[in-house]
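Descriptive structure summary
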Amino acid sequence: MASVNAPVLALSGAVMVWGTTFVVSDNALRMASPAVLTVGRFIVAAAVLLFLARHRSGLSRAIRFWSVALLGLTGVSLNYGLQNAGLLYTTAGTAALLQAVLPIATVLLGWIWLTERPGGVSAVGLLLSTAGVVLVAGGAILRLDLGALLVLGAFSVMPCTQ
Amino acid sequence: MLRARRDEDVLVLAAATCLWGLMFLLPWQLWEIVTGRASLHVDAALVTAILYLGVLASGGTLLLWTYGATRVPVTVAAVFLALIPAVGYAVAALTGEALDLGKTIGCVLALAGTLLVIAAAPSRLPKV
């Protein structure tokens, strides 16, 4: 049997959970405003992670790195904040269509910053996945409104975290 | 940025990132309160949702993504982002939403593309 790849399993797990969060967030946003919901979830997340990491060495050192602060700003605050705020002003279909730009934007940034050029097979795989996202968006019409700009902003900062 | 910190303890990196993320979210919360836009209707459903979103969808995924994305080529991490809407559709279909041929084909394409990218970069991925 082929050996299992731990990082790929970890990414799969994250994506599986993220795939379920839209329904939960959508329902929760009827009971709490976007900032209350976003801050609430990250108070819980920070409490859990800091509790688990409390005996690890390097926590206070890591908190002082500017690049970690930037990771928090882009990967957490802007990404989740803009997404939640954007969904109030645009349609879910527009948000789904905009998600199609994420993989290619990430690879382009990786190519520019990390000089990780995708090979031919990888490029085909990326194009297939992007086409898949467009189809999953299912004929949604791209509305360029305030919400779309906010969601696009959220998706644009995500590649920076890589 | 994750690449730059790939030698860091994953749990420490995720916890520090989450803490900074929370700090940067606070001005938005303050703005909602000051402008009277903040609202909260606490009931069991909301508490359950916030616990799920906090523990699993934020803390858990931050940990998993930090671990995975620091150990694979950018192309592999990137292609996983395309799977999010596909998983969302699959979940909706499993919970009763009517199947749509185009969206189902989209799911298959997104999955096929992901598998192709993973298969093209096997040597750079550590094995369990």
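Everything that follows concerns the structure shown earlier in this document.
Anyway, here's the lowdown on the structure attached to this text. What you see is a predicted model; the values in this text were computed from it and never measured.

Moving on to the overall build of chain B. Looking only at helices and strands, one finds 5 helices and 0 strands in chain B. Order of helices (α) and strands (β) in chain B, N terminus to C terminus: α-α-α-α-α. Counting the 128 residues in chain B, one finds 50% classified as buried. When contacts within chain B are restricted to residue pairs at least 6 apart in sequence, long-range pairs at least 24 apart make up 68% of them. Working note: accessible area of chain B is about 5,900 Å², and carbon and sulfur atoms make up 71% of it.

Now for the packing of aromatic side chains. Aromatic ring pairs: the centre-centre distance and the angle between the two ring planes describe each pair. For the coordinates displayed, the defined rule picks out 3 aromatic pairs over all chains. Measuring from centroid to centroid gives 5.2 Å for A:Trp18 and B:Trp65, while their planes differ by 50°, and the two rings are tilted. In this pair, A:Trp18 is assigned in helix H1 (residues 6-28) and B:Trp65 in helix H2 (residues 44-69), connecting two distinct chains. Both residues of the pair, A:Trp18 and B:Trp65, belong to the buried class. With a centroid separation of 4.9 Å and 70° between ring planes, the pair formed by A:Phe42 and A:Tyr80 is classed as edge-to-face.

Given a rise of 1.5 Å per residue, 12 residues ought to cover 16 Å, and the 16 Å separating the end C-alpha atoms of helix H4 (residues 83-94) of chain B matches this to within 8%. Among all positions in H4(B), only B:Leu83, B:Ile84, B:Pro85, B:Ala86, B:Val87, B:Tyr89 and B:Ala92 are buried. Structurally, H4(B) contributes buried residues whose contacts are with H1 and helix H7 (120-136) of chain A together with helix H3 (74-81) and helix H5 (101-120) of chain B. Following H4(B) by one or two positions, B:Gly96 adopts a phi angle in the positive range, close to 115°.

Thresholds applied
- Residues numbered from 1 in each chain as written.
- Chains lettered and ligands numbered in written order.
- Predicted model: local features only at pLDDT ≥ 70, side-chain atom pairs only at ≥ 80, totals over all residues.
- Heavy atoms only, no water.
- Helix = DSSP H or I, 4+ residues; strand = E, 2+ residues; numbered from the N terminus.
- Buried < 20%, exposed > 50% of the residue type's maximum accessible area, 1.4 Å probe, protein only.
- Contact = heavy atoms within 4.5 Å.
- Areas by Shrake-Rupley, 256 points an atom, 1.4 Å probe, with all protein chains shown as cover.
- Phe/Tyr/Trp six-rings, centres within 6.5 Å; stacked < 30°, edge-to-face > 60°.
- Expected span 1.5 Å × (residues − 1).

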